[in-house]
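This is what each chain is made of:
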Amino acid sequence: MLADPPLTKTQGSAHPIPKVVVATTAMLSFISFWRAAAIVLNDMGSSAFYAGAIAEEAFGKTAPWFILAVMLLAYTVCALYMESCSMFVRGGVYRVVKEAMGGRMAKLSVSALMFDFILTGPISGVSAGHYLVGFVNELLRYGHLSITIPENFSAALFAIAATLYFWWENIKGIHESSGKALRIMYVTTAMVVVMLVWCGYTLWIRGVHLPPWPEPSHLTFSKTALGWLRYTNWPYTIGVVGIFIALGHSVLAMSGEETLAQIYRDLEHPKMRNLKKVSLIILAYSLIFTAGVSFFAVMIIPDATRSQYFGNLISGLAMNFVGPYSLRLVFQAFVVLVGVLMLSGAVNTAIVGSNGVLNRVAEDGILPDWFRQPHRRFGTSYRIVNLVTGLQIVTIVLSRGNIFLLGEAYAFGVMWSFAMNSAAVLALRYKEPGAREFRVPFNLKLGNVEIPIGLILITLTLLGLCTINLFTKEIATISGIVFTAAFFATFTVAERITRKRGNVGADLDRFNVASRTDLTAETLGVRPGSVLVPVSNYHALYHLGAVLDRVKTERRDVVVLHVQVMRRTGSGEVELEADQLFGSIEQFLFTKALSMAEQRGKPIRLAVVAANELEDGILRAAANLQSSTIVLGRSAKIGLAEQARQFGLAWEGLPDPRPQFNLEIHTPGGDHEFFLLGPHAPNLTRNEVNLVHQLWLRLSERLRPEELHHHDVVHFALNELKLELMNGKEGELVQRLREHVVQNKAQRQQSPPS
């Protein structure tokens, strides 16, 4: 990077002194809305494989109507999360509840939410295992073999294997895991299309018989479904109580919404528009797939045999279609393949979501920084991933592969976190009534008072479901309260320990810092033609915002550079270590820069260089990175023209060959000026062009028969100017030139704007 002797290896050093620090952090890449939808649907969509069966086992054949209602409710919760994401890029339950209700309620809400994430992986993995084992047993019966594989035990083993696989995928990073989720959704969509066509054909042959209407008289609750209310007649005598109990046993079909908030940080530009697309995709898929499976299962599988397929409901559909047995068996194999892939993908979603939640908690100083240290190779928060994976495996072992036990415990955390998130967003409408990029619809304005009818209805519905679940889900209530209390106590103790240790930088991002002796496009991983954005002031990054708003990062990379100016000491030598190049100033700068990039869904590269002079360091970095454009903020010490001139002089000091650069200097008000560094054609005004043309007309007649061009006139005039300078007339020339510049400036100021 630098040719100056002070920044060289000192005598006795064991390795070259680093002049460059390359900083990387977790979650610096961004994903498309298709990948984001795939991650959420691997959780929400996977519930189609078991939600209808668990709901019907709880309260009878009216289950499909309640699954449909929950899918519509899920979309309103999507709207709720869209509003919270419009306020906080790194949002989710924790951030929103903290802003509205304080830190203690935020820790309580996220403790309950973690119960949902810890159960989502096991219930999905175990369900996948049941589909696989059920199909293998079906093949064994088809082959007239008297061997039966134990379902629960084998399903638990498969769930553990799937959890370990996606643990490694998340260690490698969200881009890797989102790619897997997207491929899973491709295969799932093909299966859904075939299933819908075959279901339609079967109903056309046999006739359509809808499930019983969702009336209180059609609800037949099992004893376990009523919980502590089994000692009362309320579920049957008070219609709304029965309806809410049935909805409470169906809400496991809407898990995955919190992941929507966690992936918002990783969603590419434009974020909110892409989030709306994700929500619509989720709604369409949930209505067609999750609700559709529940309806078709009741209409196609006979009542006498349907309970046999509660562990693998779609396999039961496949085996009861109209058609040859061998063809149905082939489709069942396809269903099992898709089920295993999608349900295993839900394990991945649970890890992604819980990783995002705990990262938000750690950023706030509640968990020690130890949890947020990025993986040295992949840059992911691997310690949090390890913790979540360990808890999920323990849950699988304790459940012994019993899907109904997991289903009974499920939905405690997700419902309470939804309700608290909804109440928090409602409170923020009044606490922070400013503009939002998105608002939950149905808002009534009475004078200066806004009544958010949509938000109020969502909040009341969620609170009602939470309350009824407390009395009807014994296992969920007991285990959920114990787990939530344990996590809340852990967060409280960890927060106190962290504060006692004086961890003042908890709100900063953690970066992997790699020392380099030189900065090149290869070491930073950027393409030629990048945009270099030097930064130095945490409060003045307006020029970076302008670049991120304008540049399409899929075509050009954006490099954020901080130059640490090293002054020569008396000895002429400076010993540089990595921690000297990357300290608290750089961490503040890059945290802010990263936050701006996340808000816009665009990736950036981060680097720190050491230089004896600011301009020289920036230009040498641009040359080594093969950047085409340098974008600066306006200097607070000198004028814009002088700032550009100093960079021009610094450019002259670069070693040959000196590349040309586009130089942009932005002001806080949004204005900017363009300059070219290096030899370039001057930007001639109409007056200069007319003057050259007039001289050419007059002289070309006198030079005949010699041919005279416009550039000959310019070249001759410049040579004459050069000769006068060489003949000792520089003082006179400078005076005349100054008078000319002043006169032109005065004329421009007097001329009316065109």
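To start, this report covers the structure provided alongside it.

Notes on unusual backbone geometry
A negative phi angle is the norm for most residues apart from glycine, just as the trans form is the norm for most peptide bonds. For the bond running from H269 to P270, omega is -10°, close enough to zero to count as cis. You can see P270 is positioned in the loop between helix 11 (257–264) and helix 12 (271–300). Omega for the bond connecting D656 with P657 falls within 30 degrees of zero, at -5°, which places this linkage in the cis form. As for its position among the elements, P657 is in the loop between helix 26 (640–652) and strand 9 (661–666). The backbone of F442 shows a phi angle near 70°, a positive value even though the residue is not glycine. Residue position: F442 is located in the loop between helix 18 (412–431) and strand 2 (443–446). Here the phi dihedral of Q626 falls at roughly 60°; this positive angle occurs in a residue that is not glycine. For Q626, the location among the structural elements is in the loop between helix 25 (614–625) and strand 8 (629–633). On the basis of relative accessibility, which here comes to 41%, the residue Q626 falls in the partly exposed class.

Focus: the packing of helix 5 (residues 103–142) against helix 16 (residues 382–399)
Put simply, helix 5 and helix 16 touch, their axes get as near as 9 Å, and they point 55° apart. Classified by the interaxial angle, the pair formed by helix 5 and helix 16 is oblique. Crossing angle aside, the handedness with which helix 5 passes helix 16 is right-handed. Taking contact as the criterion, the partners of M114, F117, I118, L119, G121, P122 and V126 in helix 5 are, on helix 16, V388, L391, Q392, T395 and I396.

Topic: the packing of aromatic side chains
Counted under the stated rule, the structure contains 20 aromatic pairs. Measuring from centroid to centroid gives 5.2 Å for F49 and Y131, while their planes differ by 80°, and the two rings are edge-to-face. Here F49, found in the loop between helix 1 (33–44) and helix 2 (51–59), pairs with Y131, found in helix 5; they are 82 residues apart in sequence, far enough to count as distant. Of the two residues examined, F49 and Y131, each falls in the buried class. Between W65 and F295, the ring centres sit 4.9 Å apart and the planes meet at 90°, which makes this aromatic pair edge-to-face. Taken as a pair, W65 in helix 3 (residues 63–87) and F295 in helix 12 lie far apart in primary sequence, 230 residues in all. Take W65 and F295: they sit in the same class, and that class is buried. What links up through ring pairs into an aromatic cluster is the set F49, Y131, Y285 and F289.

How each quantity is defined
- Residues numbered from 1 in each chain as written.
- Predicted model: local features only at pLDDT ≥ 70, side-chain atom pairs only at ≥ 80, totals over all residues.
- Heavy atoms only, no water.
- Helix = DSSP H or I, 4+ residues; strand = E, 2+ residues; numbered from the N terminus.
- Buried < 20%, exposed > 50% of the residue type's maximum accessible area, 1.4 Å probe, protein only.
- Axes fitted to C-alpha atoms, helices over the stretch in contact; angles between N-to-C directions.
- Parallel < 35°, antiparallel > 145°, perpendicular 65-115°, else oblique.
- Left-handed = near helix turned anticlockwise from the far one by under 90°.
- Contact = heavy atoms within 4.5 Å.
- Phe/Tyr/Trp six-rings, centres within 6.5 Å; stacked < 30°, edge-to-face > 60°.

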